[in-house]
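Descriptive analysis of the structure
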Amino acid sequence: MIENITFDEIRIGQQASLSRRLTMSDIELFATVSGDLNPSHLDENYAADHLVVGHSMWSASLVSAVLGTLLPGPGTVYVGQDLRFHHRVLLGDVVTVTVTAASKDEARKTVLFDCAVTNQDGKTIISGTAEVVAPTEKVVLAAAELPQVQVIRHDGHELMLKKCESLPPVPTAVVHPCDESSLRGAVEAAEANLIDPVLVGPESKIRSLAETYGLNIARFRIVDAAHSHASAETGVRLARTGEVEAVMKGSLHTDELMGEVVRKETGLRTGRRLSHVFVMNVPTYPRPLLITDAAINIYPTLEDKVHIVQNAIDLAKVLGVDVPRVAILSAVETVNPKIASTLEAAALCKMADRGQITGGILDGPLAFDNAISREAAITKGITSDVSGKADILLVPDLEAGNMLAKQLSFLAHADAAGIVLGARVPIILTSRADNVRTRLASCAVAVLSAAARRRGAAPAAE
């Protein structure tokens, strides 16, 4: 409940106060609402002494909170405020706001309050006065329930891109970039120094697109190919002969490109099954989350899943996870002979125990909640080294994986990057719906994979 103190009830010297600790979420939310993006508040590299400080008006807003909710409370109307700012509020500081009734004006029903804001050390941060029209009618009502606010950061991919800054751009065959999205994606990745694109497709159409959309492709090599099928064949050949170290999908259909990749005599097949991995940064999850396979293998067999898991483990290591934890998903967390995915999960775990899958910790079957929430696992009595700490989610089939990845993207605001593994070179699959950040992140995954192969830190999968 919230109750006001009317003008007649207020006594000179009467006080009210509240305390609040400044968090990074407070700073980010205040910057978002106010539009004040001063880097002193948001960038520790820019801030003086590398100490991020709170907005001065954040502290001042707490004065308003006291006046509006405690003294006088509901019905209070601001007349004026005069504040002096003496010291910075640092991240983690606890500020205490105290207002003291100093004088009353009977005719205007106004009250002048002395205002003081101090930190946890007793140092004065703000001093001044506030004049308000105090309520004359008593109000007692239920306090409004505020909406839950979540700070969504999209910095996961930025960390991955930062790892690529010291690496040379990867020669990449961009196959059939014959729409604005795919051609722009190649140009943006080149400008970010991630790839050195070789544009494969109808040269006249590519040049016309570039001119139409103002894209500078003057420094890029173009390999003329009459149509999408020829583009796919040529791009794969460039990778097979070692002229490029990655392949990037343009505006052709995925099946058309992958058909050339898996061609037995002229493709890019290795001893590994090809599989797709989404590298997802989910704002509500504390680490990157790899989801596999959501784009290539429709109904993978147990043998296929051995390759799919191993591909994902190897990629997670490239991305910096020392011992990846793999959650093998199903609808339930117990082995049920009627649900094939639970039997395959149990078999995969035993295969890992026997060294047939290496480099990671596997557990399954696990339902999705048990995989990503330690609390959910404990509630169900599950003892697991993976629950709540999963780095990789192995889905039962493509349908489940595709729906899961898209749900995280559209409902949980996750950023996704996609790559195909198990071929001689990494294959970048992008979509017309991908934003710039997603396209660059997909290229960054390929850059890190190619670099690991060069130095022998990643299996060649031959």
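This structure is a prediction, so every number in the text was calculated from the model and none was measured.

A few words on the nonpolar core. If you look at the biggest cluster of nonpolar residues, it comprises 62 residues, and the most contacted ones within it are Leu194, Leu199, Ile217, Leu315, Ile357 and Leu362. Ranked by residues supplied to this core, first place goes to helix H14 (residues 436–454) with eleven residues. With residues near it in sequence (within four places) discarded, Leu199 still touches Val174, Pro177, Leu183, Ala186, Ile206, Ile217, Phe220, Arg221, Ile222 and Val223. Counting 28 residues, the second largest nonpolar core, distinct from the first, contains Ile10, Ile27, Leu67 and Leu71.

Let us now look at the side chain of Asp304. Its location among the elements puts Asp304 in helix H9 (residues 302–318). Classification of Asp304 as buried rests on a relative accessible area of 13%. One polar contact links the side chain of Asp304 to the main-chain amide nitrogen of Thr301, over a distance of 3.0 Å.

So, on to the confidence of the model for the chain. Averaged over the chain, the pLDDT score is 92; the fraction of residues at 70 or greater is 98%. No element of the chain has a lower mean pLDDT than helix H4 (residues 156–163), at 81, and none a higher one than strand S16 (residues 392–394), at 98.

Further remarks concern helix H3 (residues 56–69). The end-to-end C-alpha distance of H3, which contains 14 residues, comes to 21 Å, matching closely the 20 Å that a straight helix rising 1.5 Å per residue would cover. Looking only at H3, the buried set comprises Trp58, Ser59, Ala60, Leu62, Val63, Val66 and Leu67.

Empty space left among the atoms is revealed by rolling a probe the size of a water molecule over them. Its boundaries defined by the atoms lining it, the second largest pocket holds a volume of some 440 Å³. Those elements that place two or more of their residues in the lining of the second largest pocket are H4 and strand S12 (275–281). In terms of residue count, the dominant contributor to the lining of the second largest pocket is H4 (five residues). Taken together, the residues of the lining of the second largest pocket sort by class into 13 nonpolar, four polar and five charged.

Right, let's get into the sheet that holds strand S17 (residues 415–421). Taken in spatial order, the eleven strands make up an open sheet running S10-S9-S8-S11-S18-S17-S12-S13-S16-S14-S15, and their pairing is mixed. Here the strands that pair on one side only, and so sit at the sheet edges, are strand S10 (221–224) and strand S15 (361–366). In the sheet, strand S8 (residues 170–175) pairs with strand S11 (residues 246–249) via four bridges, with the strands oriented parallel. Directly across from Val174, in S11, lies its bridge partner Met248. The sheet strands contacting H9 are S12, strand S13 (289–292), strand S14 (325–329), S15, S16 and S17, and the helix crosses S16 at an angle near 170°.

A word on the environment of Glu243. Relative to the assigned elements, Glu243 resides in the loop between helix H7 (228–240) and S11. For Glu243, a relative accessible area of 39% puts it in the partly exposed group. C-alpha of Glu243 to C-alpha of Val33: the two residues are 210 residues apart in sequence and 50 Å apart in space. A distance of 3.3 Å separates a polar atom in the side chain of Glu243 from a polar atom in the side chain of Arg221.

Before going further, it helps to spend a moment on the sheet that holds strand S5 (residues 110–118). The sheet built from five strands is open, its strands ordered S2-S4-S5-S6-S3 with antiparallel pairing. The open sheet terminates on both sides in strands that have one partner only, identified here as strand S2 (15–21) and strand S3 (77–85). Averaged over all neighbouring strand pairs, the angle between strand axes comes to 20°, with direction disregarded. Sheet topology note: the S2/strand S4 (residues 94–105) ladder contains seven bridges and is antiparallel. Opposite Ser17, over in S4, you have Thr98 as the bridge partner.

Turning our eyes to something else, we now look at the side chain of Asn297. Mapped onto the elements, Asn297 comes out in the loop between S13 and H9. The class of Asn297 is buried, set by a relative accessible area of 2%. Within the structure, the side chain of Asn297 is placed 2.7 Å from the side chain of Arg273, a separation counted as a polar contact. A polar atom in the side chain of Asn297 sits 2.8 Å from the backbone oxygen of Leu274. Aside from chain neighbours lying at most four places away, what touches Asn297 is Arg273, Leu274, Ser275, Ile308 and Leu398.

Taken across its six residues, S8 has five buried, putting it largely inside the fold. A crossover connection joins S8 to the parallel strand S9 (residues 195–201) through helix H5 (residues 180–191); in handedness this β-α-β unit is right-handed.

A side chain of one charge can pair with a side chain of the opposite charge if their charged atoms are brought near each other. Taken as a whole and judged by the stated rule, the model has 20 salt bridges. Ionic pairing is found between Glu106 and Lys109, a salt bridge with its closest N-O pair at 3.7 Å. Residue Lys109 is classed as partly exposed on the basis of its relative accessible area of 28%. Between Arg184 and Glu180 there is a salt bridge; the shortest N-O distance is 2.9 Å. Of this pair, Arg184 and Glu180 both sit in helix H5, separated by four residues, roughly a single helical turn. Given a relative accessible area of 25%, Arg184 falls into the partly exposed group.

Moving on, we get to the packing of H7 against helix H8 (residues 254–261). For the pair H7 and H8, interaxial distance at closest approach is 9 Å and the crossing angle is 40°. Comparing their axes, H8 and H7 come out oblique. Relative to H8, the crossing made by H7 is right-handed. The residues of H8 that touch H7, namely those facing Ser228, His229, Ala232, Glu233 and Val236, are Glu256, Leu257, Glu260 and Val261. Here the contact of H7 with H8 is composed, by residue class, of four nonpolar, two polar and three charged.

What counts, and where the lines are drawn
Residues numbered from 1 in each chain as written. Predicted model: local features only at pLDDT ≥ 70, side-chain atom pairs only at ≥ 80, totals over all residues. Heavy atoms only, no water. Core = buried A, V, L, I, M, F, W, Y, C linked by side-chain atoms within 4.5 Å. Buried < 20%, exposed > 50% of the residue type's maximum accessible area, 1.4 Å probe, protein only. Helix = DSSP H or I, 4+ residues; strand = E, 2+ residues; numbered from the N terminus. Contact = heavy atoms within 4.5 Å. Polar contact = N/O pair within 3.5 Å; in protein donor to acceptor, adjacent residues only side chain to side chain. pLDDT = per-residue confidence, 0-100. Expected span 1.5 Å × (residues − 1). 1 Å grid on protein atoms, 1.4 Å probe; cavity = no way out; pocket = protein on both sides within 12 Å on 5 of 7 lines; lining within 4 Å. Points joined across faces, edges and corners; volume = space filled by probe spheres on them. Nonpolar A, V, L, I, M, F, W, Y, C, P; charged D, E, K, R; others polar. Pairing = 2+ DSSP bridges. Axes fitted to C-alpha atoms, helices over the stretch in contact; angles between N-to-C directions. Right-handed = clockwise from strand over helix to strand, strands pointing away. Salt bridge = Lys/Arg side-chain N within 4 Å of Asp/Glu carboxyl O. Parallel < 35°, antiparallel > 145°, perpendicular 65-115°, else oblique. Left-handed = near helix turned anticlockwise from the far one by under 90°.

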